[in-house]
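# Remarks on the overall topology
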Amino acid sequence: MPVCWLLEELGYQSFQSWELGQSWKLGQPYIVFVQADEKFLDVPYHRCRVRLNHLAFHAESREQVDNMTKKLKRRGINILYSNKHPFAGREEHYAVYCEDPDRIKVELVAPK
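Residues numbered from 1 in each chain as written. Predicted model: local features only at pLDDT ≥ 70, side-chain atom pairs only at ≥ 80, totals over all residues. Heavy atoms only, no water.

## Quick notes on the packing of aromatic side chains
Put simply, the test is: Here is the rule: rings of Phe, Tyr and Trp (six-membered ring for Trp) pair when centre to centre is within 6.5 Å. Planes less than 30 degrees apart are stacked, more than 60 are edge-to-face, and the remainder are tilted. Going along the chain from the N terminus, every DSSP run of H or I of four or more residues is numbered as a helix, and every run of E of two or more is numbered as a strand. Here's how the labels work: a residue is buried when its accessible area is under 20% of the maximum for its type, exposed when over 50%, partly exposed in between, all with a 1.4 Å probe on protein chains only.
Counted under the stated rule, the structure contains 4 aromatic pairs. Here the aromatic rings of Phe15 and Tyr30 are separated by 5.2 Å at their centres, their planes lie at 50 degrees, and the arrangement is tilted. Here Tyr30 lies in strand β3 (residues 30-34) and Phe15 lies in strand β1 (residues 13-18), a separation of 15 residues in the sequence. You can call Tyr30 partly exposed: its relative accessible area is 46%. A centroid spacing of 5.4 Å and a plane angle of 80 degrees characterise the contact between Tyr81 and Tyr97, whose relative ring orientation is edge-to-face. Within this pair, whereas Tyr81 is found in the loop between α2 (62-74) and β5 (95-99), its partner Tyr97 is found in strand β5, the two being separated by 16 residues in sequence.

Below, the structure is given as structure tokens:
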């Protein structure tokens, strides 16, 4: 699962795992990723089609956003809106945006 390293960097721990999925937990809430059935894979993912624009995570600091940006680049992951980074959301919104291999947009935002 390509997003595993990112979740671990953010402090999530593997919670449950099965053949087609895995859940990750940080405190009480947890998130679950499940591989779609083969019969649903003929239409490529687009975040506007399913109305899930992106996944956003809180960073501990601006430094964590900067460090994660470096790690993403080292892994060859495209930084979205690089011409406005790290203020692509707006001037007071310090964040990094990228896409996972399925083109799901992921955001990591620092506290104000």
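Right, picking up where we left off after that structure.
## Remarks on the nonpolar core
Nonpolar side chains in soluble globular proteins generally cluster together in the buried interior. To keep things clear, this is the line we draw: For this analysis, a nonpolar core means a set of buried residues of the types Ala, Val, Leu, Ile, Met, Phe, Trp, Tyr and Cys, connected via side-chain atoms within 4.5 Å. We call two residues in contact whenever any of their non-hydrogen atoms come within 4.5 Å of each other.
Leu10, Phe57, Val65, Met68, Leu72 and Leu108 are the most contacted members of the largest nonpolar core, which has 19 residues in total. For this core, the elements supplying multiple residues, two or more each, are α1 (4-9), α2, β5 and β6 (105-109). Per-element accounting of this core gives the leading share, 4 residues, to α1. Look past the residues within four positions of Phe57 in its chain and what remains in contact with it is Leu7, Leu10, Tyr12, Ile31, Val106, Glu107, Leu108 and Val109.

## Some remarks on the sheet that holds strand β4 (residues 54-58)
Put simply, the test is: For two strands to be treated as a pair, DSSP must find no fewer than two bridges joining them. Geometry is summarised by axes, namely lines fitted to C-alpha atoms with helices restricted to the contacting stretch, and by angles between N-to-C directions that run from 0 to 180 degrees.
On the basis of which strands lie adjacent, the open sheet formed by 3 strands has the order β4-β6-β5 and mixed pairing. In this open sheet, the two strands that pair with only one neighbour each are β4 and β5. Neighbouring strand axes in the sheet, compared pairwise and without regard to direction, differ in orientation by 20 degrees on average. As paired strands, β4 and β6 are joined by 5 bridges and run parallel to one another. Residue pairing in the sheet places His54 in a bridge with Lys105 of β6. Each of β5 and β6 is contacted by α2, which is oriented at about 25 degrees to β5, the strand it contacts most.

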